[in-house]
Amino acid sequence: MMMNPPLILFMFFLLSTTPHVTLSQDYVFETDKPKPDPTTAAAEPPESDTCNGIFLSYNFISRAKELPHLKNATAQSWAFKSVATVLNAGSEELKAWKMFIGFHHDEILVSASGAVVMDGSDFPVTVGGNGTYLSGYPQTDLKTAIETAGDFTQIEAEVEITGTQFGIRPPGFPMPKTIKLVNDGYKCPAPVTKGRSMHVCCIRDKKAKHNLTTSKFLPRQEGDLSLTYDIIQTYQSNYLAQVTIENKNPLGRLDHWNLTWEWMRGEFIYSMRGAYTHRKDVSGCLYGPASVYYKDLDFAPVMNCDKKPIISDLPQDREKDEKIGNLPYCCRNGSLLPTTMDPMKSKSVFQVTVYKIPPDMNRTALSPPQKWKINGVLNPDYKCGPPIRVAPTEFPDPSGLMVTTPAIASWQVVCNITRPKKAASRCCVSFSAFYADSVIPCNTCACGCEDTDTCNPNAGPLLLPSEALLVPFANRTAKAKAWARIKHFPYPKKLPCPDNCGVSINWHLNSDYKSGWTARMTLFNWEDYPFEDWFVAIRMDKASPGFENVFSFNGTRLSDNKTIFFQGLPGLTYLMGETNGTNPNRDPRVPGKQQSVISFVKRRILGLDIAHGDGFPSRLYFNGEECSLPTKLPSSYGRRFNTNLLSIVLVTIATFVLMMDHLS
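Residues numbered from 1 in each chain as written. Predicted model: local features only at pLDDT ≥ 70, side-chain atom pairs only at ≥ 80, totals over all residues. Heavy atoms only, no water.

(A) The arrangement of the packing of aromatic side chains in detail. Evaluated as defined, the whole model comprises 26 aromatic pairs. Summarising the aromatic geometry, the rings of Tyr229 and Trp261 are spaced 6.0 Å apart at their centres and angled 85° between planes, so their arrangement reads as edge-to-face. Taken as a pair, Tyr229 in strand 13 (residues 225-234) and Trp261 in strand 15 (residues 258-262) lie far apart in primary sequence, 32 residues in all. Seen from their ring centres, Tyr270 and Tyr355 are 5.0 Å apart, and the 35° between their planes marks the pair as tilted. Of this pair, Tyr270 sits in strand 16 (residues 268-273) while Tyr355 sits in strand 19 (residues 347-355), and the two are 85 residues apart along the sequence. Classification of Tyr270 as partly exposed rests on a relative accessible area of 21%. Residue classification places Tyr355 among the buried positions, given a relative accessible area of 14%. Taken together, the ring pairs connect Phe268, Tyr270, Tyr293, Tyr294, Phe299 and Tyr355 into an aromatic cluster. (Phe/Tyr/Trp six-rings, centres within 6.5 Å; stacked < 30°, edge-to-face > 60°. Helix = DSSP H or I, 4+ residues; strand = E, 2+ residues; numbered from the N terminus. Buried < 20%, exposed > 50% of the residue type's maximum accessible area, 1.4 Å probe, protein only.)

(B) How the structure looks around the layout of surface pockets. Quantified by volume, the largest pocket comes out at close to 980 Å³. For the largest pocket, the lining is made up of 34 residues, of which Met118, Asp119, Lys383, Cys384 and Thr418 are closest to its centre. Put simply, the parts of the chain that give the lining of the largest pocket at least two residues each are strand 7 (132-136), strand 20 (370-375), strand 21 (381-384) and strand 25 (409-418). Looking at the lining of the largest pocket element by element, the count peaks at five residues for strand 25. Residues that form the lining of the largest pocket fall into these classes: 15 nonpolar, ten polar and nine charged. (1 Å grid on protein atoms, 1.4 Å probe; cavity = no way out; pocket = protein on both sides within 12 Å on 5 of 7 lines; lining within 4 Å. Points joined across faces, edges and corners; volume = space filled by probe spheres on them. Nonpolar A, V, L, I, M, F, W, Y, C, P; charged D, E, K, R; others polar.)

(C) Structural view of the environment of Thr228. Following the sequence through the fold, Thr228 ends up in strand 13. The sequence separation of Thr228 and Trp411 amounts to 183 residues, and the corresponding C-alpha distance is 5.7 Å. Residues in contact with Thr228, not counting those within four places in the same chain, are Arg220, Gln242, Val243, Thr244, Thr393 and Trp411. (Contact = heavy atoms within 4.5 Å.)

(D) Broad picture of the pattern of salt bridges. A complete count under the given rule lists 24 salt bridges for this structure. Arg279 is paired through a salt bridge with Asp281; the nearest N and O atoms lie 2.5 Å apart. For Asp281, a relative accessible area of 23% gives the class partly exposed. Ionic pairing is found between Arg539 and Asp541, a salt bridge with its closest N-O pair at 3.0 Å. What emerges from the salt-bridge pattern is a single network uniting Asp122, Glu262, Lys307, Lys308, Lys371 and Lys373. (Salt bridge = Lys/Arg side-chain N within 4 Å of Asp/Glu carboxyl O.)

Now the structure itself:
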């Protein structure tokens, strides 16, 4: 049947006059193709069939331009979605999987379902530049296909990622630099990237030592700080847990520690012994799912219903309290000393009664909190990993018999000290020497700068006379300017910012002679509170084996033979806080201060150059915190002495020649 000619002309007219609408690519998804189905996008490539290990993949799904819309591609932000998978394609169960994704487009993760950021950071978290480590939650372990009959829900973890990234204009794909498994005993080659997909097969490292036992628990890990979450009693709706914090680092320390975690399944703290929470607020329970289930429960005695409680140690006067104290290693006001000082004071313990909500209403539905964080006052920063299921802790029987009672379940959290970033220290060091008139003070903004309107955060610190070290920074300006005028030092119109450090330490090179040398170390406390049981550790790469004696402190050379550990003598273990001057209306406040002379010998140490660096510490720690060191040394006496000696010799020779000419 032939079509009517007028109808054909009408259809041709419609097609030829239909407007073509073109949308700018900046305002839609990066491709005009239909949006990919996430399930299809995350499907494993055929290479997973040939992997005999752990198969990782990263699939970029889509992105859309975010507000504000900018012409600068580098500054433009894009909302992106991707899926990362961890598949156990091997014959050994993978416990507590951990994956690294090398983000490098200034990414900000907004969510990652099925995983948590390993350092305990909350979303949104900035991960671009250094990448990020993800660990599984709630699926932490991946069984094998052999023991599950190929059940992908048990052998594969899928992480749906959403976030923001910068810098790549479509049609480019913002892929990470790399992906890899970071579990012990595995090695990963460089990943293969094809368009918007990346994958790698990680296999067992035959050279690495790994646990070949059939234990269903991971071995306990080593770290600077070990926290153990032991469940020692369990009931249908609640359980009793004991938390143990152990300081494992010989230079690590916590003062007035605060511990926080995040409940992931609606739990709340009914009561505690050995510690307390900063807030006693039950509104989270009354207006949440807990009140629906516990209709007859009196919430008045409940200690805390926050999702992220802040927990602190009890003061010492509650140590024998039968109701909230009376636990071994409890109630020390939050002090965790290094084992170098006192092994008995390097541990802290408290107990917590936890109530659960449906669907976890049975005795074996046990899940530890996630995202652990701990910090102290003027102490190092700790980064904590996720809780790892370990073999149950064994406790001595309270009857005193030779019997041990294992915990019902145990998890370990390992935290490690991170070196402070520039301008993020909490203490600082100044250098001076017997051959130099000026003191090299703490670095500008050594401990951070808040207000830079009236000062220059990038200017070098002004040299000071020695007496200025006793003066608070706010009162040093006049002394610094006067000293610069006397010594003809230049100084900028906009003076450098203060160091803002609560504790400063002066290292003074006191003498240098043929068989040895001496130094004087002075501690200044600019805070209003004292430091109890203070310690200082110095690292000297060449000179520390020559440590001989310290006269007003206790001093010990540690086993690494490069670190010397100092602490107060009995009766001098308090570094007092800042106090008013003699006349508060006229005199500045005076810091708490302690000092001692330290002697060293040179025998059996070749090539020592005390004035040019060997007589100064390469690292210095106060109460575990690494202090900011000056970037320069005092002017070299040796060089100046050699120059003067050469001048004297030349003048003597010239004088002798002139005298001989005159006599002849």
